[in-house]
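Residue-level listing of the chains:
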Amino acid sequence: MATIRHPLTYRFPEAGLIRPGQRVIVPLAARRATGIVLHGVARAAPGFEIRDILRVLDPEPVLTPELLKLGLWIADYYLAPVGEVFRAMLPLRPETRRAKVLQLTESGKQQLQDFSDSMFAEVREGAEAEVLRYLAAHAGASLENVRAKFPAALARALEERWVTLDTVERARGRRPIFAVHLVGPIPERSPALSPVARRIVEALERQGPVDDHRELLGATRASLAALKKLGDAGFIKLHEAARTPGQPLAEDTTFPELTAGQAAVLERLTQQLADAKFQVTLLHGVTASGKTEIYLRLMATCLERGRSALMLVPEIALTPAMQAQFFARFGKQVAVLHSGLTEAERHEAWWRARRGESRIVLGTRSAVFAPLANLGLVIVDEEHDASYKQEETPRYHGRDVAVVRAQFANALAVLGSATPSLESYWNARQGKYQLAQLEERVGGRRLAAVEIVDMREEFRETHTKVPISRRLKEEIEAQLRTGAQTMILLNRRGYSWYLLCRSCGESQRCVNCSISLTYHRREQRLICHYCGYSAQVPTRCPACGSEYLHYVGEGTEKIEDKFGELFPGARVARLDRDVARRAGQFQHVLEEFRAGKIHILVGTQLIAKGHDFPGVTLVGVVSADIGLALPDFRSAERTFQLLTQAAGRAGRGESPGRVLVQTFYPEHYAIRLAAEQNYAGFFSKEIGFRRMMHYPPITALANVVAQDTKLERAAQVAKRIGDFFTAVEKRYTGLKIIGPAPAPLARVEGRYRIQFLLKSASRSRLHEVLRQLVDYCEQQGILPRSVMIDMDPMSVM
């Protein structure tokens, strides 16, 4: 779909055979593009040439009227090109693929006849004759296949123009998923089995039947061809799986008993669901208060009423655990959508929801666009999480889009969190949302006791910069003696923050971004966490040649190693995005920790989000104030949320939990109130700061960035935008514009960034100004890639 801001008009010769929401192929300048039909009939402006739609891709609309309306709202509110919005809404692989194919020409047919009539066998049976004979029998054969069979002969055939090379669209086949099981016992040392086949058989003997052959192939380093060969030999049985991979065969009908608080909240939400009208409720429940069970029962009621349900979670990492609960409760009615799936898996899950085969969709941010019909319930779990905000065009916020989608569908929206965003809690306080609260943990368990460790005192008494305090070490030793588990949170991955030359003071910086490179010891590389650039670790300073290089700070890798040294008898593991990128490793670590096989788990914020580990009775937070120094108005809020969520991982089983928070800034209200787990107190303090500084939710905020690979061009764009804002500011009262100024991250991914912050008490007025800016940039010929507009930014970095 073309990245344009306004719809285009095309003609379709066969009236009545095209409907809004269908995908089509259209000519766009000198190329072809995929588009979405917005209106069935439109009037063309006089004097303009109307071009024809080339092809309709779908027999039925892929976007319902409700989703079309939602896409247009996103394009308008977030000032995004409508084509980019619809691209984000349709994570579908194309129904067709482009293929290069070969055809015999008339000259080639005559040449084949000449070869066949030759009296010489070497001519009749030569490579040139064979390739022409092959193409005569296989018209439209792919270039890749023919080139592999006849490399030299094909080159001559093309040169002599005996064949033509064309590009065609071919239907894309569906790759089946097979369930696999052994037919019977296989004799030991069977000579019929190759080493690969033996690995497959041994894996099946160990673990029994598998529902998804891809998992078996990954574990045995085998191919589908090897599986089929075993099937042909009668050793195993393959049959196409009739259910979603990972989905249990039976549904779980056992339900935990609700607490009085859960029952009261569920009754209230059930009544709102029965009203069958748009409402928003913020469910503020302390950690381990049983919000998930309320979600599950509310969804069951929604299905009973004949409507569908959608639930969003902030991280792919949370989906498997949540997925298991949903599949156990609802079975085949659940479809899962997130970017961690393969293209084919996303395609299949999307169509199951579109066809009505799955009436519940569970997924991350982009699942908000799931094509569910008759939507009755939208749940956003951990609604405060910043990962709901997309940081590339279209820059939508998944939580806010979920609320708007519920509005369009006359559905109930439930926003759940132990640490609600200030925006959502403000809306509840103002009466825009309703507020439901769960103030006690399930089973009468107490919230974890939190102790603050002042690292300034630790330094004064020990004269060392060891990141692990004596108090934390003592508590972990006690944990190991009793067999209890510990979680350690440090929200910075890698081994060290950066590499510093002690002679000249230079650090190794990214060539694309204005930030130092992080040292990752496992890869033995210096890596940028913004653009992915990496460099070798130097033995001498590139600036002055000194060999006195020093690794500054500590990340999760270093802390993992440190705990391994301090507690050699303990099994220590790490969980961060570096681990999550390795296929299957993230889930493996979680399962091992849940089974009690790991004693100490070190991780970033990923371990603080929604996990339920009953064996964890101690959580240690290293460098709790690491985020407070960031030049961002949300830094205190993020710190409070992270510490509170981390504390919520302790004491979820029968034993009480304890939390140790190490900080150099124990007086800061975000740390002090997080230790008290006092959300109301934090909200009261933080909202005063936001009101004084005119930040959300008191005002509406937009971030406008002029950017370019050349600093002078970025400055020129910023100058023209600044001129526009100077004129606009005089016409609008209550509009405050800060800038231009270099962004806190002045260069990212090779682009220099100059920033404007716009604040207004009126959201509609701010939006009007931004629309005028878009029009102004188009009139001035400023390229869209040179201006980034972020409405309701989660960060101003």
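Residues numbered from 1 in each chain as written. Predicted model: local features only at pLDDT ≥ 70, side-chain atom pairs only at ≥ 80, totals over all residues. Heavy atoms only, no water.

Here we look at empty space enclosed by the protein
Then step 1. Applying the stated criterion across every chain yields a total of 3 cavities of 30 Å³ or more.
Then step 2. A volume near 50 Å³ is recorded for the largest cavity.
Then step 3. Leu489, Leu490, Asn491, Val621, Val622, Ser623, Ala624, Ile626, Leu642 and Leu643 are the residues that line the largest cavity.
Then step 4. Counted by class, the lining of the largest cavity contains 8 nonpolar, 2 polar and no charged residues.
Then step 5. Lining the second largest cavity are Val450, Leu643, Ala647, Val659, Val661, Ile671, Ala674 and Ala675.
Then step 6. Residue assignment for the lining of the second largest cavity shows that the elements contributing at least two residues are α22 (635-647), β28 (658-663) and α23 (669-676).
Then step 7. Here the lining of the second largest cavity gets 3 residues from one element, more than from any other, and that element is α23.
Then step 8. Here the residues of the lining of the second largest cavity are counted per class, giving 8 nonpolar, no polar and no charged. (1 Å grid on protein atoms, 1.4 Å probe; cavity = no way out; pocket = protein on both sides within 12 Å on 5 of 7 lines; lining within 4 Å. Points joined across faces, edges and corners; volume = space filled by probe spheres on them. Nonpolar A, V, L, I, M, F, W, Y, C, P; charged D, E, K, R; others polar. Helix = DSSP H or I, 4+ residues; strand = E, 2+ residues; numbered from the N terminus.)

Points about the packing of aromatic side chains
Then step 1. Tallying each qualifying case throughout the model produces 23 aromatic pairs.
Then step 2. Between Phe725 and Phe756, the aromatic rings sit 5.3 Å apart at their centres with planes inclined by 65 degrees, giving edge-to-face as the arrangement. You can see Phe725 sitting in helix α25 (residues 711-731) and its partner Phe756 sitting in strand β31 (residues 751-760), a full 31 residues away along the chain. Each of the two residues, Phe725 as well as Phe756, counts as buried.
Then step 3. An aromatic cluster is defined as three or more aromatic residues linked by ring pairs; in this entry it consists of Tyr425, Phe640, Tyr669, Tyr679, Phe682 and Phe683.
Then step 4. Lying across the ring of Tyr752, Arg747 places its NZ or CZ 5.0 Å from the centre. (Phe/Tyr/Trp six-rings, centres within 6.5 Å; stacked < 30°, edge-to-face > 60°. Buried < 20%, exposed > 50% of the residue type's maximum accessible area, 1.4 Å probe, protein only. Lys NZ or Arg CZ within 6 Å of the ring centre and 35° of its normal.)

What to know about the sheet that holds strand β27 (residues 616-621)
Either a parallel or an antiparallel arrangement is found when strands of a sheet pair, and the pairing is made through backbone hydrogen bonds.
Then step 1. The parallel open sheet is built from 6 strands, whose spatial order is β18-β28-β27-β19-β26-β25. The sheet is open, and its two borders are formed by β18 (449-454) and β25 (572-575), each paired with just one other strand. With strand direction ignored, the average angle separating the axes of adjacent strands in the sheet is 20 degrees.
Then step 2. Sheet topology places β25 next to strand β26 (residues 600-603); 4 bridges connect them, and they run parallel. Paired with Leu575 across the bridge in β26 is Gly603.
Then step 3. Across the sheet, helix α17 (residues 455-462) is in contact with β18 and β28; its angle to β18 comes to roughly 50 degrees.
Then step 4. Of the strands in this sheet, β19 (485-489), β25, β26 and β27 are in contact with helix α21 (residues 585-594), which crosses β25 at around 135 degrees. (Pairing = 2+ DSSP bridges. Axes fitted to C-alpha atoms, helices over the stretch in contact; angles between N-to-C directions. Contact = heavy atoms within 4.5 Å.)

Regarding the packing of helix α11 (residues 260-275) against helix α12 (residues 291-304)
Then step 1. The interhelical angle for the contact between α11 and α12, taken along N-to-C directions, is 30 degrees, at an axis separation of 10 Å. Here α11 lies roughly parallel to α12, going by the angle between them. The two elements α11 and α12 meet at a crossing, and its hand is right-handed. Facing α11, whose interface residues are Gln262, Val265, Leu266, Leu269, Thr270 and Leu273, α12 presents Glu293, Ile294, Arg297, Leu298, Thr301 and Cys302.
Then step 2. Taken together, the residues of the contact of α11 with α12 sort by class into 7 nonpolar, 3 polar and 2 charged. (Parallel < 35°, antiparallel > 145°, perpendicular 65-115°, else oblique. Left-handed = near helix turned anticlockwise from the far one by under 90°.)

What about the packing of α23 against helix α24 (residues 679-693)?
Between two packed helices, both the angle of their axes relative to each other and the distance between the axes serve to describe the pair.
Then step 1. Between α23 and α24, the least distance of the axes is 9 Å, while the angle of their chain directions is 160 degrees. With respect to α24, the element α23 is oriented roughly antiparallel. For the element pair α23 and α24, the recorded crossing hand is left-handed. Along the contact surface, α23 presents Tyr669, Ala670 and Leu673, while α24 presents Gly681, Phe682, Lys685 and Glu686.
Then step 2. Among the residues forming the contact of α23 with α24, the class breakdown is 4 nonpolar, 1 polar and 2 charged.

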